[in-house]
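Architecture and fold: a report
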Amino acid sequence: MKIHTYIYILFGLLLTTSAISQETEKDSLGKFYYIIEGDTIPKEFIDLEEVVLLNKLNFNSKEDRRRYLILRRKTRKVYPYAKLASERLTTMTERLSEIESKRDRKRYTKRIQKYIEEEFSEKLKNLTRTEGQILVKLIHRQTGRTAFDLVKELRTGWRAFWYNTTANMFDISIKEVYDPFTTKEDYLIEDILERSFQANILERQKPAFEIDYLDLTSQWNKKSVNN
């Protein structure tokens, strides 16, 4: 069996222990229906729940396992901040679309900027360098924009340049993008996220761009075999 497969669970199967009676029936045209409490429902109208079966983690060495666990701890720590940043940005964008006055828009933006900075600064000031870099990547995953671009939008290009220059002093680039299809660490982060979502350790939030976990894993498995 493949280490990663998509399976579809029929809605009816989730009701097998309930009092709902469910049967299937085939009409004269060969079309299948579900019979639920006397009602005939076309089979294709039953919603299917998509579930990803995760493989058991295997590591080539104890050191690889240790690195993965450290990355998992850091990813789980900073992901909620990236999720929050996306939520705040969405709220601000929606609110701005309702404000017609340029002056009021500017005033509202400044107020939100101050609020976000005050909300985040206390929580993030103790992040390590690697945690900060992971956060930058996850902000890109959740918003579709780099931290540099967000700063540039919310402040000025000079402020974004200054923030990036300062971050580089600590080996952090706020221009960093999240690309799990080409960067091994990003793939591992995506793996950690998917496992954490399924275990209800983290709350799932859709990324700003499509990431097919099955295709992603298949691609990296092929790379591993070829190497």
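The name that an unreviewed UniProt entry assigns to the chain is DUF4294 domain-containing protein, with the source organism given as Jejudonia soesokkakensis.

Time to look at the overall build of the chain. Broken down by element type, the chain carries seven helices and five strands. When each of the 227 residues of the chain is scored for burial, the buried share is 34%. Total accessible area computed for the chain in this model is approximately 15,200 Å², and 52% of it derives from carbon and sulfur atoms.

Another point: the side chain of Ser86. As for its position among the elements, Ser86 is in helix α1 (residues 62-96). Judged by its relative accessible area of 8%, Ser86 falls in the buried class. In this structure, Ser86 is in contact with Gln142, Thr143 and Gln205, ignoring residues within four places of it in sequence.

A few words on the packing of α1 against helix α3 (residues 129-143). Across the interface, α1 lies against α3 with an axial gap of 8 Å and an inter-helix angle of 45°. The orientation of α1 relative to α3 falls into the category oblique. As for the relative orientation of α1 and α3, their crossing is right-handed in sense. Touching Leu71, Arg73, Lys74, Thr75, Lys77, Val78, Tyr79, Tyr81, Ala82, Lys83, Ser86 and Leu89 of α1 are Thr130, Glu131, Ile134, Leu135, Leu138, Ile139, Arg141, Gln142 and Thr143, all from α3. Across the contact of α1 with α3, the residue classes tally to ten nonpolar, five polar and six charged.

Under the definition given, this model contains three aromatic pairs. Here Tyr79 and Phe197 contribute two aromatic rings whose centre-to-centre distance is 5.5 Å and whose plane-to-plane angle is 65°, an arrangement assigned as edge-to-face. Of this pair, Tyr79 sits in helix α1 while Phe197 is found in helix α6 (residues 184-198), placing the two residues 118 residues apart along the sequence. Across the pair, exposure class does not vary: Tyr79 and Phe197 are buried alike. Taking the centre distance of 5.5 Å and the plane angle of 15° together, the rings of Tyr187 and Trp220 count as stacked. Placement of Tyr187 in helix α6 and of Trp220 in helix α7 (residues 213-226) is noted, with a sequence separation of 33 residues between them.

Core analysis: the largest hydrophobic core is formed by 28 residues, its most contacted members being Val78, Leu135, Leu138, Ile189 and Leu193. Elements represented by at least two residues in this core include exactly α1, α2 (102-124), α3, α6 and α7. At nine residues, α1 tops the list of elements feeding residues into this core. The contact partners of Val78, leaving out residues within four places of it in the chain, are Leu127, Glu131, Ile134, Leu135 and Leu138. Ala147, Phe148, Ala160 and Ile174 belong to the second-largest nonpolar core, a separate cluster that totals eight residues.

The rules behind these values
Residues numbered from 1 in each chain as written. Predicted model: local features only at pLDDT ≥ 70, side-chain atom pairs only at ≥ 80, totals over all residues. Heavy atoms only, no water. Helix = DSSP H or I, 4+ residues; strand = E, 2+ residues; numbered from the N terminus. Buried < 20%, exposed > 50% of the residue type's maximum accessible area, 1.4 Å probe, protein only. Areas by Shrake-Rupley, 256 points an atom, 1.4 Å probe, with all protein chains shown as cover. Contact = heavy atoms within 4.5 Å. Axes fitted to C-alpha atoms, helices over the stretch in contact; angles between N-to-C directions. Parallel < 35°, antiparallel > 145°, perpendicular 65-115°, else oblique. Left-handed = near helix turned anticlockwise from the far one by under 90°. Nonpolar A, V, L, I, M, F, W, Y, C, P; charged D, E, K, R; others polar. Phe/Tyr/Trp six-rings, centres within 6.5 Å; stacked < 30°, edge-to-face > 60°. Core = buried A, V, L, I, M, F, W, Y, C linked by side-chain atoms within 4.5 Å.

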